[in-house]
Amino acid sequence: MGQRTIGPASPRTLPIRIAVATGESLDSWLEASCRRLGVTTGVLLTALGLRTHPHELHGLPDYTVLLHPAEARRLAHAAGVEMARLHAMTLRRYDGHVVRCNHDNRTVARSAWWARTRGSRYCPKCLSERDGRWLLRWRLSWMFACTDHHALLHDTCPACGQVPRRISTSHSSLRPAGTCPGTIDRPCGTDLRTIDPLPLAADDALLTTQRWINTLLSAVEAGTTAELAATPAVVFGDLRVVGCWLLRHAAEEDFQHFGAHVQRAWQTHHARAASRIWSGAAPPAAAALMGAAATRATSLLTGDDQEVIDLLGALLRRGRNRRHVCPPGMALEQWRQLSDSVKGRFLRALDPDLGTVDRIRYRSITSTARAPATGSDPPAVARARHIPQQLWPSWTIRLLPAGRLRADRFRAVIAACLLLPGHPMRNLNQVTAHLHPYLRRRVATTLRDLQADGHQQILAAVCQLADYLDRHGSPIDYHRRRAAIGPATISEPDWQQLCYRAGAHPGRPRRHLDAQRYLFQLLSGADLNDPSHALAFRSAADRTDYLAFTTWLPMPVRQALADHAGGHLQRLGIDEPVTWEPPADCCQDLELPGRDPDDIDLDAVHHLVAVDLLPPGAAARKLGTTIDHIRLAVERLPQTPRRWAANTPPMAWQRRQHAQRLLTRDFFEREYLAGRKRLAQIAAETGLPKKLVAHHAHQAGIPLFTGHEATPIDPDWLRAQYLDRKRSFPGIAAELGVSEMTVNRAAHRYRIPIRPAGVTSHPEMLRTLDPNIPRDIRRAVEGGLWGWQRLRRFQQAMGFPTIEEAADHLGVHQATLVRQLQRLERDIGAQLYHRAVRAQPLRPTRRGAALLNALDQPAVRALVQEMPDR
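Keep in mind the model is a prediction, meaning the values are calculated, not measured.

### A word on the overall build of the protein chain
Part 1 of the reasoning: Regarding its fold elements, the protein chain presents 40 helices and seven strands.
Part 2 of the reasoning: Projected onto its principal axes, the C-alpha coordinates of the protein chain cover approximately 150 × 75 × 55 Å.
Part 3 of the reasoning: When the 870 residues of the protein chain are sorted by exposure, 49% land in the buried category.
Part 4 of the reasoning: Pairs at least 24 residues apart make up 68% of the contacts formed inside the protein chain by residues separated by at least 6 positions.
Part 5 of the reasoning: Put simply, the protein chain shows about 42,300 Å² of open surface, and 51% of that area lies on carbon and sulfur atoms.
Part 6 of the reasoning: Distance from the positive charge centre (114 side chains) to the negative charge centre (84 side chains) of the protein chain: 3 Å.

### What to know about the nonpolar core
Part 1 of the reasoning: Among the nonpolar cores identified, the biggest contains 83 residues, and Tyr 94, Trp 138, Trp 142, Phe 236, Val 242, Phe 255 and Phe 346 are the most heavily contacted of them.
Part 2 of the reasoning: Elements supplying a minimum of two residues to this core: helix 5 (124–129), strand 3 (145–146), helix 6 (205–222), helix 7 (232–249), helix 8 (260–274), helix 9 (287–302), helix 10 (305–316) and helix 12 (340–350).
Part 3 of the reasoning: The leading source of residues in this core is helix 9, at ten residues.
Part 4 of the reasoning: The residues contacting Trp 138, other than those within four sequence positions of it, are Ser 120, Arg 121, Tyr 122, Cys 123, Cys 126, Leu 127, Arg 133, Met 143 and Leu 153.
Part 5 of the reasoning: Ranked by size, the runner-up nonpolar core spans 43 residues in total, among them Leu 419, Val 431, Cys 463 and Ile 476.

### Some details on a negative patch on the surface
Part 1 of the reasoning: Together, Glu 492, Glu 804, Glu 805 and Asp 808 make up a region of like negative charge exposed at the surface.
Part 2 of the reasoning: Tallying contributions element by element places helix 37 (residues 803–810) first for the negative patch, with three residues.
Part 3 of the reasoning: Structurally, the position occupied by Glu 805 is in helix 37.

### Looking at the pattern of salt bridges
Part 1 of the reasoning: Throughout the structure, instances matching the rule amount to 37 salt bridges.
Part 2 of the reasoning: We note a salt bridge from Arg 106 to Glu 71, for which the minimum N-O separation is 2.9 Å. Taken together, the residues Arg 106 in the loop between strand 1 (101–102) and strand 2 (107–108) and Glu 71 in helix 3 (residues 69–79) connect sequence positions 35 residues apart.
Part 3 of the reasoning: Given the relative accessible area of 4%, Arg 106 is considered buried.
Part 4 of the reasoning: Its relative accessible area of 5% is what places Glu 71 among the buried residues.
Part 5 of the reasoning: Here Asp 776 ties to Arg 847 by a salt bridge, and the two come within 2.9 Å at their closest N and O atoms. Linking Asp 776 in helix 35 (residues 775–781) with Arg 847 in helix 39 (residues 846–855), this pair joins segments that are 71 residues apart in sequence.
Part 6 of the reasoning: Within this structure, Asp 27, Glu 31, Asp 62, Arg 118, Arg 139 and Arg 165 form a network of salt bridges that share partners.

### Overview of unusual backbone geometry
Apart from glycine, the bulk of residues carry a negative phi angle, and the bulk of peptide bonds sit in the trans form.
Part 1 of the reasoning: Phi is positive for His 150, close to 50°, though the residue is something other than glycine.
Part 2 of the reasoning: As for its position among the elements, His 150 is in the loop between strand 3 and strand 4 (151–152).
Part 3 of the reasoning: With a phi angle near 55°, Arg 363 is a residue other than glycine that sits in the positive phi range.

### Points about the sheet that holds strand 4
Part 1 of the reasoning: With antiparallel pairing, the three strands of this open sheet are ordered in space as 3-4-5. Both outer strands of the open sheet, strand 3 and strand 5 (198–199), are each paired with one neighbouring strand and no more.
Part 2 of the reasoning: Strand direction decides the pairing type here: strand 4 and strand 5, joined by two bridges, are antiparallel. Within strand 5, the residue paired with Ala 151 across the bridge is Pro 199.

### So, the state of the cysteines
Part 1 of the reasoning: Taken as a whole and assessed by the stated rule, the structure comprises zero disulfides.
Part 2 of the reasoning: Counting only cysteine sulfurs, Cys 244 is the nearest neighbor of Cys 326, a cysteine outside any disulfide, at a range of 12 Å.
Part 3 of the reasoning: Cys 326 gets classed as buried once you look at its relative accessible area, which sits at 9%.

### Considerations on helix 29 (residues 665–674)
Part 1 of the reasoning: Of the residues making up helix 29, those classed as buried are Phe 667, Phe 668, Glu 671, Tyr 672 and Leu 673. For helix 29, the angular spread of the buried residues around the axis is 160°, confining them to a single face.
Part 2 of the reasoning: Residues of helix 29 that are buried make contact with helix 28 (649–662), helix 30 (679–686), helix 31 (690–699) and helix 34 (740–749).

### Quick word on the packing of aromatic side chains
Part 1 of the reasoning: Scanning the entire structure with this criterion turns up 14 aromatic pairs.
Part 2 of the reasoning: Put simply, the rings of Trp 114, Trp 142 and Phe 236 pair up and form one aromatic cluster.
Part 3 of the reasoning: Sitting over the ring of Phe 255, Arg 296 keeps its end group 5.7 Å from the ring centre.
Part 4 of the reasoning: The ring of Trp 395 has Arg 398 lying over it, and the distance from NZ or CZ to the ring centre is 4.5 Å.

### A short note on the packing of helix 9 against helix 10
Part 1 of the reasoning: Interaxial distance between helix 9 and helix 10 falls to 8 Å at its minimum, and their mutual angle equals 125°. Between helix 9 and helix 10, the angle falls in the class oblique. Judged by the sense of rotation from one axis to the other, the crossing of helix 9 with helix 10 is left-handed. Contacts from Arg 296, Ser 299 and Leu 300 of helix 9 reach helix 10 at Val 308, Leu 311, Leu 312 and Leu 315.
Part 2 of the reasoning: Looking at the contact of helix 9 with helix 10, its residues break down into five nonpolar, one polar and one charged.

### Overview of the environment of Gln 657
Part 1 of the reasoning: Following the sequence through the fold, Gln 657 ends up in helix 28.
Part 2 of the reasoning: The spatial distance from the C-alpha of Gln 657 to the C-alpha of Arg 501 is 9.7 Å, given a sequence separation of 156 residues.

### Some remarks on the confidence of the model for the protein chain
Part 1 of the reasoning: Per-residue confidence for the protein chain gives a mean pLDDT of 84, with 91% of residues at or over 70.
Part 2 of the reasoning: At the level of individual helices and strands, the protein chain shows its lowest average pLDDT in helix 40 (residues 858–866), which scores 76, and its highest in strand 3, which scores 96.
Part 3 of the reasoning: Every residue in residues 1–8 scores below 50 in pLDDT, and together they form 16 contacts with partners more than four places removed in sequence or on other chains.

### Quick word on the environment of Gln 559
Part 1 of the reasoning: On the secondary structure map, Gln 559 appears in helix 24 (residues 555–571).
Part 2 of the reasoning: A relative accessible area of 45% places Gln 559 in the partly exposed class.
Part 3 of the reasoning: Taking the C-alpha atoms as reference points, Gln 559 and Ala 680, separated by 121 residues in sequence, lie 39 Å from one another.

### Some points on helix 3
Part 1 of the reasoning: Of all the eleven residues making up helix 3, eight are buried; the element is thus mostly covered by neighbouring parts of the structure.
Part 2 of the reasoning: Those residues of helix 3 that fall on the buried side of the exposure criterion are Ala 70, Glu 71, Ala 72, Arg 74, Leu 75, Ala 76, Ala 78 and Ala 79.
Part 3 of the reasoning: Looking at the packing, one finds that the buried side of helix 3 touches helix 1 (26–37) and helix 4 (83–88).
Part 4 of the reasoning: Two residues or fewer past helix 3, Gly 80 is found with a positive phi of approximately 70°.

### Re the packing of helix 7 against helix 9
Working note: a packed helix pair is described by the angle between its axes plus the distance between those axes.
Part 1 of the reasoning: Where helix 7 contacts helix 9, the two axes come as close as 8 Å, and the packing angle between them is 110°. As judged from the angle between their axes, helix 7 and helix 9 are roughly perpendicular. Here helix 7 runs over helix 9; the crossing is right-handed. Between helix 7 and helix 9, the contacting residues are Val 235, Asp 238, Leu 239, Val 242, Gly 243, Leu 246 and Leu 247 on the first element and Leu 289, Ala 293, Ala 294, Arg 296, Ala 297, Thr 298, Leu 300 and Leu 301 on the second.
Part 2 of the reasoning: Looking at the contact of helix 7 with helix 9 residue by residue, the classes come out as eleven nonpolar, two polar and two charged.

### Section: the environment of Ala 806
Part 1 of the reasoning: Along the chain, Ala 806 turns up in helix 37.
Part 2 of the reasoning: Note: C-alpha distance between Ala 806 and Leu 817 (eleven residues apart in sequence) is 8.5 Å.
Part 3 of the reasoning: When neighbours within four sequence positions are excluded, Ala 806 is seen to be in contact with Ala 797, Phe 800 and Leu 817.

### Section: the side chain of Arg 481
Part 1 of the reasoning: Position of Arg 481 relative to the elements: it lies in helix 20 (residues 478–484).
Part 2 of the reasoning: Here Arg 481 falls in the buried class, since its relative accessible area comes to 0%.
Part 3 of the reasoning: There is a polar contact of 3.0 Å between the side chain of Arg 481 and the backbone oxygen of Val 578.
Part 4 of the reasoning: Look past the residues within four positions of Arg 481 in its chain and what remains in contact with it is Ile 476, Leu 523, Leu 569, Ile 574, Glu 576, Pro 577 and Val 578.

Definitions and cut-offs
- Residues numbered from 1 in each chain as written.
- Predicted model: local features only at pLDDT ≥ 70, side-chain atom pairs only at ≥ 80, totals over all residues.
- Heavy atoms only, no water.
- Helix = DSSP H or I, 4+ residues; strand = E, 2+ residues; numbered from the N terminus.
- Buried < 20%, exposed > 50% of the residue type's maximum accessible area, 1.4 Å probe, protein only.
- Contact = heavy atoms within 4.5 Å.
- Areas by Shrake-Rupley, 256 points an atom, 1.4 Å probe, with all protein chains shown as cover.
- Lys, Arg positive; Asp, Glu negative; His and termini not counted.
- Charge placed at Lys NZ, Arg CZ, Asp CG, Glu CD.
- Core = buried A, V, L, I, M, F, W, Y, C linked by side-chain atoms within 4.5 Å.
- Patch = residues over 30% accessible without salt bridge, like charges linked within 9 Å, V, L, I, M, F, W, Y side chains within 5 Å.
- Salt bridge = Lys/Arg side-chain N within 4 Å of Asp/Glu carboxyl O.
- Pairing = 2+ DSSP bridges.
- Disulfide = S-S within 2.5 Å.
- Arc of directions from axis to C-beta.
- Phe/Tyr/Trp six-rings, centres within 6.5 Å; stacked < 30°, edge-to-face > 60°.
- Lys NZ or Arg CZ within 6 Å of the ring centre and 35° of its normal.
- Axes fitted to C-alpha atoms, helices over the stretch in contact; angles between N-to-C directions.
- Parallel < 35°, antiparallel > 145°, perpendicular 65-115°, else oblique.
- Left-handed = near helix turned anticlockwise from the far one by under 90°.
- Nonpolar A, V, L, I, M, F, W, Y, C, P; charged D, E, K, R; others polar.
- pLDDT = per-residue confidence, 0-100.
- Polar contact = N/O pair within 3.5 Å; in protein donor to acceptor, adjacent residues only side chain to side chain.

Put into structure tokens, the structure is as follows:
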């Protein structure tokens, strides 16, 4: 019933106050007060302001369930007892832990924690010793034994057969201490203190279970549940579900060792269950059976791990449909209410009968088995960002068994399987499709093969690696990298420069393609067997060539590629390491079928591969390992730098770099002009070819001569003509009747500052075009030489699919044409064309297309014909 309105008048205080006994229930204390004052319950409750209808003939509200705040204040004022103490005498102190109280109608929900809705068990000896005062705990279904007197609690009165205190006290009663009230219509009055106890042995399992339960109840009463490993609400919830399931699957022999009291209670319960009277929502009526069910359930919750799993396995085999995750006979709603640790034990017991996908999803093969998490963002879904398309190399070596499995296929399948542990979806294709859509059937086939071959530890390793990623994450977001990193990871010029700096030969264009693949796989963890990738393998031979490239990649080149990869990430704004792998101790408790990556004799690998020249596969068979293990070991072998011939590209590049650093303008002014050394002498001293020395002299603007100047030139006159009058070298040479180079050398010899090439030395460069001419054409022509020629070259080159074909048609060297086009782009200030790549020819940019349209204008064509070389 709901809370009644209390009058404004304050209740009177009691003339005699009765002390509250330890652990006493509120109704017991009220009855003791009635006996001490010599009044009925109704009179006392009216005086306390708890009875508002004095003529009510039916039972009073069950105040022992809970007191409303106003009721508690009135009672505390009248009886001189603290409000907290009063609340502690009601089932409200266990609300949310052992029972769930309905505050509106003052009842207890029987669906929660197997709670008793009404009534109280009792111990005759405790009643006798406590002067007939009743304990609050006896109202809890989990109280079935007295640990002080080693006896089962009584459920009913032996005289009337009723459950004591099942109904609220009548308003007109004045009951003797420790007696059975019976019912309102048929009072009993049996002295329950004189009833014979139901003794238990001191070491009885029921007493052990009751002591353990008492510690949980004491923690609730003391408010120290936070210090427990598991809260009482979780523990009693698990006990209820497991106890109900055990009773549904119980056989008579399961209770034989508990004694006669339990066996009789089981027979009565079994008969009621067979007639569909017992639904499982309410706890067993008999304290003996409740204790036996709690004891068996407790052993499954707290017993030795392996023993519990073996016992659960035997119980589960009694049911059918063992491949279903929810245990037979347990409602799906009850299964969901179990805690993760208890679910884990059930799942481990179910493991032998589960399919391979479910074994991984539920981690049932590991000690951390648990049901998948649900919600808006389960960890298993978020984990996909930290998983590459191919398993990390070191973990491939640890997990890959020597045998029929192909390494790259195995790497892709196991990487996809890392999505399974804890995933809320069961459909394998839907779980792994976004990572490996082309491997849908292969994943299931590989898992079946691994299970059939007895490689259970690989499945366990997948679960533990997934757990590590869920707990610690990964510094690499592969999802972002797969979206941001394209196939053009390194250009061909950059690849050539990288190889030259590392002392290696860049090789044919095929090696540039493999370098792009290597960097793309290194950065994104991509599986190049996936045909959706732009750099995917085109054939089995293509894949073999790539593996040979990565296997024999020199250490300096490999390191240079790693540095280039780091720079590529920085350019994309990605602050992550180039590569990362979970630590080796993720699976240190497992016996993995593969080898530890460091467990290999590098000297033996060097002898087999570098000396005997065996292929990696043959070396792997000789050393009893996998080919990937050999490939990883080859990467760590010390390599002797290759000595290149003098005419090879690596040596030519080194000479060019040395010349660029050494042959500066200051060097030539010091050695050639002031020191009067000849080119041959400089070449001999520097060890550089004479042609290369001459080339750098021209680049530095140094005039070359073969002897002393024949015509003397006055340095003051020359300085005045060149610097003051701004005359050009050709004009001065014509006046003196000498060559232009003679004047140029004299100017250098006299240390006369040379004007830069351009407008100041070529008056024709001062000419400007009509403002109506398109701006990009004016930028290419005005203030420079050969602008019209560069424009015509660009116009002609755009008609060919590649730069190479355009250069061949024009009869110029490819490098020359590229330099002309680059100069044109610098003059205009924009990119004019896209280089040809696979499946896409040479093509102009939007700015380049606009330039081509401008060159087709009649006015521009006339200028091109008028000045073909300028």
